[in-house]
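Listed here are the chains, written in short residue letters.
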Amino acid sequence: MTDTPGLPEGYEFSADTDRVDVERVHRWLSTDAYWATGRPLDQHERAMAGSLNFGVYDTVNGEQVAYARVVTDQALFAWLCDVYVDPSVRGKGVGTAMVGAVREHLRPSGVRRVLLATHDAHGVYAKLGFAPLEHPDQWMALYYTSPEGHSG
C-alpha cells in the first residue's frame, strides 16, 4: 500500500500481486474488455505470473476496484496492459491515479520506455505523459493466429 496522488479518499493502490482478486479480474477482462474478451482463466493466470500486477482497493471492504498489469524486464522496457476500472467507480479518477502510480513504481528501475495500446483512451494516457510513438515506422509485430482463427 502506498500514498497515491490523485487517488480518491477511500481507495488504496497496491503493487502486491497476492492481493489481486484473480477471478474478479479475469471476469472483468474476459467479459467486458474488448482486448481480452473470451480469454481463458488459465491463460490469464499465466499472464499474471509473468508480470507485475497492480490493484486499487476499497479501504472499507477491501474489494478490488481496478487492475493493471505490466510486462517488463525491469531494466529497459515495459508494456502496460490490461488496465481496467470497475464500472461502479469509473469517472472518479481511480484509473488515472492507478496508472500514475504504476508509472512511478517503474521509474526507479531505470525503464526507458513504457508502451501501451488503447482503442479509445488516448486522452487519459496523454495526461500522464504517454504520447504516440515517435517513429512508428521502426516498430513491427509478429501475429500468431489463435486456434479460434483470430490474432491477438
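Being a predicted model, the structure only gives us computed values, none of them experimental.

Undergrad: Any chance you could explain the pairing of strand E4 (residues 77–85) here in plain terms?
TA: For a regular strand, side-chain orientation follows a simple rule: the groups alternate between the two sheet faces. With seven of nine residues buried, E4 is to be regarded as a mostly interior element. With six bridges joining them, strand E3 (residues 64–72) and E4 adopt antiparallel strand pairing. Its bridge partner being in E4, valine 71 is matched across the sheet by tryptophan 79. Bridge count between E4 and strand E5 (residues 113–115): three bridges; the pairing is parallel. Its bridge partner lying in E5, alanine 78 is registered against valine 114. Between the parallel elements E4 and E5, the chain passes through helix H3 (residues 94–106) in a crossover that is right-handed.

Undergrad: Please clarify how the sheet that holds E4 should be interpreted in this entry.
TA: The strands that make up a sheet are held in pairs by hydrogen bonds between backbone atoms, and each pair lies either parallel or antiparallel. With respect to topology, five strands assemble into an open sheet ordered E1-E2-E3-E4-E5, the strand pairing being mixed. Each end of this open sheet is capped by a strand with a single partner; those strands are strand E1 (11–14) and E5. Averaged over neighbouring strand pairs, the angle between their axes works out to 20° when direction is ignored. Bridge count for E1 against strand E2 (residues 52–58) is four bridges, and the pairing is antiparallel.

Undergrad: Mind showing me how you'd approach the packing of aromatic side chains here?
TA: What describes a pair of aromatic rings is the distance from one ring centre to the other and the angle between the planes of the rings. Inspection of every chain in the model, using the stated rule, returns four aromatic pairs. Look at phenylalanine 13 and phenylalanine 54: their rings are 5.7 Å apart centre to centre, the planes differ by 15°, and that puts the pair in the stacked class. Placement of phenylalanine 13 in strand E1 and of phenylalanine 54 in strand E2 is noted, with a sequence separation of 41 residues between them. Taking relative accessible area as the criterion, phenylalanine 13 reaches 3% and is therefore assigned buried. Note on phenylalanine 54: relative accessible area 1%, which makes it buried. Ring centres of tyrosine 34 and tryptophan 35 lie 5.0 Å apart, and the angle between their planes is 85°; this geometry places the pair in the edge-to-face category. Lying across the ring of tyrosine 57, arginine 19 places its NZ or CZ 4.0 Å from the centre. Directly above the aromatic system of tyrosine 84 lies the positively charged group of arginine 90, at a separation of 5.0 Å from the ring centroid.

Undergrad: Help me understand the side chain of threonine 72, please; the structure alone is not making it clear to me.
TA: Note that threonine 72 resides in strand E3. Assessed through its relative accessible area of 19%, threonine 72 is described here as buried. A distance of 2.5 Å separates a polar atom in the side chain of threonine 72 from the backbone oxygen of phenylalanine 77. Excluding residues within four positions of it along the chain, threonine 72 makes contact with Leu52, Phe77, Ala78 and Val111.

Undergrad: Explanation requested: the nonpolar core in the structure shown.
TA: Where a protein is soluble and globular, its nonpolar side chains tend to be buried together. If you look at the biggest cluster of nonpolar residues, it comprises 27 residues, and the most contacted ones within it are Phe13, Val56, Val70, Leu80, Val94, Met98 and Val102. Counting 11 residues, the second-largest nonpolar core is a separate cluster that includes Trp28, Leu29, Ala36 and Tyr84.

Calculation notes
Residues numbered from 1 in each chain as written. Predicted model: local features only at pLDDT ≥ 70, side-chain atom pairs only at ≥ 80, totals over all residues. Heavy atoms only, no water. Buried < 20%, exposed > 50% of the residue type's maximum accessible area, 1.4 Å probe, protein only. Helix = DSSP H or I, 4+ residues; strand = E, 2+ residues; numbered from the N terminus. Pairing = 2+ DSSP bridges. Right-handed = clockwise from strand over helix to strand, strands pointing away. Axes fitted to C-alpha atoms, helices over the stretch in contact; angles between N-to-C directions. Phe/Tyr/Trp six-rings, centres within 6.5 Å; stacked < 30°, edge-to-face > 60°. Lys NZ or Arg CZ within 6 Å of the ring centre and 35° of its normal. Polar contact = N/O pair within 3.5 Å; in protein donor to acceptor, adjacent residues only side chain to side chain. Contact = heavy atoms within 4.5 Å. Core = buried A, V, L, I, M, F, W, Y, C linked by side-chain atoms within 4.5 Å.

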